[in-house]
Structure formats: C-alpha cells, structure tokens
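For reference, the chains in residue letters:
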Amino acid sequence: MNDYLIITDSSCDLPDSLVQELELTVLPLAFIMDGRTYRNWPDNREMSPGEFYNKQREGLMATTNAVNVGEASDAMEAVLKQDKDVLVLGFSSGLSTTYNSFKIAADELAEKYPSRRIYTVDTLCASLGQGMFVYQAAKLRREGKSLEEVRDWAEANKLRQCHWFTVNDLFFLKKGGRVSAATAVVGTMLQIKPVLHVDDEGHLINVAKARGRKASLTALVDKVGELAEDPAGQTMFISNSDCAEDAQYVADEIKKRYGTKEIIINSIGPVIGAHTGPGCVALFFMGKHR
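What counts and what doesn't
What you see as residue numbers is a count from 1 along each chain, following the sequence as written. Per-residue local features of the predicted model are confined to residues with pLDDT of at least 70, and side-chain atom pairs are confined, for both listing and counting, to 80 or more; whole-chain, interface and lining totals are unaffected and use all residues. Hydrogen atoms and water are omitted, and side-chain values are computed over all heavy atoms in the structure. Strands are labelled as partners when DSSP assigns at least two bridges between them. Under the DSSP-based scheme used, a helix requires at least four consecutive residues in state H or I and a strand at least two consecutive residues in state E, with every element numbered from the N terminus. For helices, the axis comes from a line fit to the C-alpha atoms of the stretch in contact; other axes are also lines fit to C-alpha atoms, and the angle between any two N-to-C directions lies between 0 and 180 degrees. Contact criterion: two residues are considered in contact whenever any of their non-hydrogen atoms come within 4.5 Å of each other. The nonpolar core is taken to be a set of buried Ala, Val, Leu, Ile, Met, Phe, Trp, Tyr and Cys residues, with the residues joined through side-chain atoms within 4.5 Å. The rule is simple: take the accessible area with a 1.4 Å probe, protein chains only, and divide by the maximum for that residue type; under 20% is buried, over 50% is exposed, in between is partly exposed. Given a helix with a known number of residues, its expected span is that number minus one, times 1.5 Å. Think of a polar contact as two N or O atoms within 3.5 Å of one another; within protein, one of them needs to be a possible hydrogen donor and the other a possible acceptor, and neighboring residues in sequence only count if both atoms come from side chains. The rule for a salt bridge is simple: a side-chain nitrogen of Lys or Arg has to be within 4 Å of a carboxyl oxygen of Asp or Glu. Roughly parallel here means an angle under 35 degrees, roughly antiparallel means over 145, roughly perpendicular means 65 to 115, and every remaining angle is called oblique. Throughout, a crossing is termed right-handed when the near helix is turned clockwise from the far one, and left-handed when it is turned anticlockwise from it by less than a right angle.

### So, the sheet that holds strand β2 (residues 25-27)
And then number 1: The strand order across the open sheet built from four strands is β2-β1-β6-β7, with neighbouring strands paired in parallel fashion. Edge strands, defined here as strands with exactly one partner in the open sheet, are β2 and β7 (118-122). Strand-to-strand twist of the sheet, defined as the mean angle between neighbouring strand axes without regard to direction, takes the value 20°.
And then number 2: Sheet contacts for helix α5 (residues 127-142): β1 (4-9), β6 (85-90) and β7; angle to β1, the most-contacted strand, approximately 175°.
And then number 3: Sheet strands touched by helix α6 (residues 147-157): β1, β6 and β7. Its angle to β7, the strand with the most contacts, is close to 15°.

### Section: the nonpolar core
And then number 1: I6, L14, L24 and M76 are the most contacted members of the largest nonpolar core, which has 63 residues in total.
And then number 2: Residue contributions to this core peak at eight residues, all from α5.
And then number 3: Dropping the residues within four chain positions of it, L24 is found in contact with I6, L14, L18, V19, V134 and A138.
And then number 4: Counting residues in hydrophobic clusters, the runner-up holds 22 residues, among them W164, I238, I263 and L283.

### What about helix α3 (residues 69-80)?
And then number 1: Spanning twelve residues, α3 covers 16 Å between terminal C-alpha atoms, matching the ideal 16 Å at 1.5 Å per step.
And then number 2: Inspection of α3 places E71, A72, S73, A75, M76, E77, V79 and L80 among the buried residues, and these make up the whole buried set.
And then number 3: Buried residues in α3 make contact with β1, β2, β4 (36-40), β6, α4 (98-112) and β7.
And then number 4: One side-chain oxygen at the N-terminal end of α3 lies 3.1 Å from the backbone nitrogen of G70; it belongs to N68.

### Notes on the pairing of strand β13 (residues 281-286)
And then number 1: Within β13, six of the six residues are buried, leaving the element largely enclosed by the surrounding structure.
And then number 2: Side chains V281, L283 and F285 project from β13 onto one buried face, and the interleaved A282, F284 and M286 project onto a second face that is buried too.
And then number 3: Here strand β8 (residues 161-166) runs beside β13; their pairing, made up of six bridges, is antiparallel. The residue bridging H163 from the neighbouring strand is F284, located in β13.
And then number 4: Pairing of strand β11 (residues 235-240) with β13, which is carried by four bridges, proceeds in the antiparallel orientation. Note that in β13 the partner of I238 across the bridge is L283.

### Re the pattern of salt bridges
And then number 1: Here the structure, examined in full by the defined rule, presents 18 salt bridges.
And then number 2: Linking R116 and D85 is a salt bridge whose minimum nitrogen-to-oxygen distance equals 2.7 Å. Residue R116 is found in the loop between α4 and β7, and its partner D85 is found in strand β6; the two are separated by 31 residues along the sequence.
And then number 3: Residue classification places R116 among the partly exposed residues on the basis of a relative accessible area of 24%.
And then number 4: Where D152 meets R151, a salt bridge forms, and the shortest distance between an N and an O atom there is 3.0 Å.
And then number 5: For R151, a relative accessible area of 22% corresponds to the partly exposed category.

### A look at α5
And then number 1: The terminal C-alpha atoms of α5, which comprises 16 residues, lie 23 Å apart, in line with the 22 Å expected from a rise of 1.5 Å per residue.
And then number 2: With its phi angle positive at about 100°, G144 sits one or two positions after the end of α5.

### Some words on the packing of α3 against α4
And then number 1: Contact geometry of α3 with α4 gives a least axis separation of 8 Å together with a crossing angle of 45°. On the basis of their axis angle, the class for α3 and α4 is oblique. In the crossing of α3 with α4, the sense of the turn from one axis to the other is right-handed. Across the interface between the two elements, V69, A72, S73, M76, E77 and L80 of α3 pack against S101, F102, I104, A105, A106, E108, L109 and K112 of α4.

Right, here's the structure in full:
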C-alpha cells in the first residue's frame with residue numbers, strides 16, 4: 001500500500017538515480033557563494049560538486065541556508081494534494097534547523113488536512129548517513145510496509161546509523177568551530193588528521209587523531225570491525241568531497257576485510273561540503289550503536 005511518499009532534503013547526498021528509482025521527494029537546501037545563491041539539487045543542476053570544490057580551493061567560501069517553514073510546507077502540500085500521505089526524514093536537528101521547519105510545517109498542515117497522515121522523523125543523520133537511512137526506509141516502502149511501520153522502524157533504528165569521517169584539511173573544521181585555531185595549525189604542521197563521528201544527539205564529535213592520511217582512512221575501516229552488524233550482508237555508503245580515489249580505497253579495504261558486497265559511493269554536496277571542504281571521506285554503515 002504505497003499511499004504515501006517519503007520526503008527528505010538534499011543534505012542526504014543521495015545520487016539522483018536513486019532518488020528517482022526510490023520515488024523520493026528531495027527538497028534542495030541553499031548555499032551562497034561569491035554573492036550568488038544556489039540550490040543543492042540531487043542532479044547538481046546549478047553547480048556540480050567538482051566545480052564547488054575547485055572554487056573552495058581558489059579561496060571562495062560558502063555559507064548555507066536551512067529549509068524554511070514555507071519551503072517545507074510547499075513540498076509536503078504538493079504530496080498531500082496528490083491524495084498521498086507524508087513521511088519526512090529530515091537532516092539532523094543537531095546540525096541544522098531544517099528538521100524543525102519540517103515539524104512546524106507538518107503541524108500546520110495537519111490542521112488543514114485533518115484526514116491525511118503526516119509524520120516527521122528527526123534522523124539525527126547527515127550526508128550519505130542520512131541518505132543511507134532514507135534509502136533503507138524507501139526500500140521498506142517498496143516492499144509494501146505501511147507508513148506507520150516505516151515510521152516506527154525509523155525511530156527504532158536511527159541510532160544504529162554509524163557515521164565516521166575524516167578530513168584532509170583542518171581549515172574548514174576550524175572555521176566551523178570544530179577544532180581550535182591552535183589545533184588546526186599544529187595539526188597541519190604534523191599531518192594530524194581528525195577522525196570524527198555523529199553522536200546520538202546528531203552533533204559532530206571529534207573522537208580521535210591519526211598521523212597521516214592513510215592512517216585516518218584505515219581508522220574508518222577499523223570502525224566497521226568494531227561496530228558493524230553483519231558487515232558482509234549490508235549495503236554501506238561512502239561520501240567524499242572531491243577525493244574519489246580515497247573513497248575507493250576505503251571501499252576496497254572494507255570488501256577485502258569484511259566481505260561487504262555492496263558499497264554505494266557518491267559526492268558530498270555543496271551544503272555539507274561548505275563545512276568539510278575538499279578532501280573529506282565519510283563512511284556510513286549499520287551498527288550495534290553509533
């Protein structure tokens with residue numbers, strides 16, 4: 001009974017091919033670069049990730065805007081007008097006000113459409129971690145699970161979505177307040193690479209340090225052994241900001257070590273990339289806990 005649609009936002013970083021295949025509605029977030037506002041569509045129609053990261057390397061900075069209540073309401077109402085119900089899986093409230101906008105809009109629309117079901121879930125996820133979560137929920141929908149079944153599954157499993165990532169340049173984390181200026185300077189000099197994750201409240205947490213790029217990538221692979229449930233049988237996701245070879249290295253090591261057969265790799269879009277900069281590799285998988 002597919003009498004409902006899943007709505008998310010473009011911080012999920014899902015490939016457009018999967019967005020189309022899974023019949024998802026993806027609301028594009030905005031980013032501002034060089035005085036112009038762009039929308040981060042899944043098909044990259046306004047700016048490709050490659051172009052975005054080249055601009056960052058040239059010294060251009062980007063800022064981002066969350067989805068506002070009006071935009072969230074318009075996206076949901078377009079589905080409701082099709083006589084379908086809505087399940088929203090939104091960007092972590094620990095990183096953005098986007099989910100709160102969806103929640104406010106949902107409460108308002110519930111009064112306007114009293115006969116329709118409108119549910120929202122704060123995924124506490126980001127980038128392809130959010131994408132993986134949406135992918136899993138959409139697969140359940142395609143298998144015939146009801147709206148309530150998928151909503152309940154989402155609430156029960158969101159804290160099993162493991163997010164682990166590292167960056168090559170500490171400048172962007174310093175700019176976002178994730179590391180201090182002193183840590184950024186010393187870390188850059190000593191080739192120290194942070195290993196971070198997203199915690200149970202949906203916040204970015206600096207967990208460990210690795211000496212050199214290869215060691216930081218290996219640290220991501222090690223986390224699969226520590227935390228993953230059935231690593232051989234699940235679909236994992238890897239996102240990267242213009243460093244596809246490093247993402248492929250992580251994928252190859254996971255397949256070699258754990259027998260994982262399916263790993264989906266995609267670019268980190270400009271909305272997330274504004275805060276990571278080029279050179280970020282992020283790994284997402286289902287675990288016992290985060």
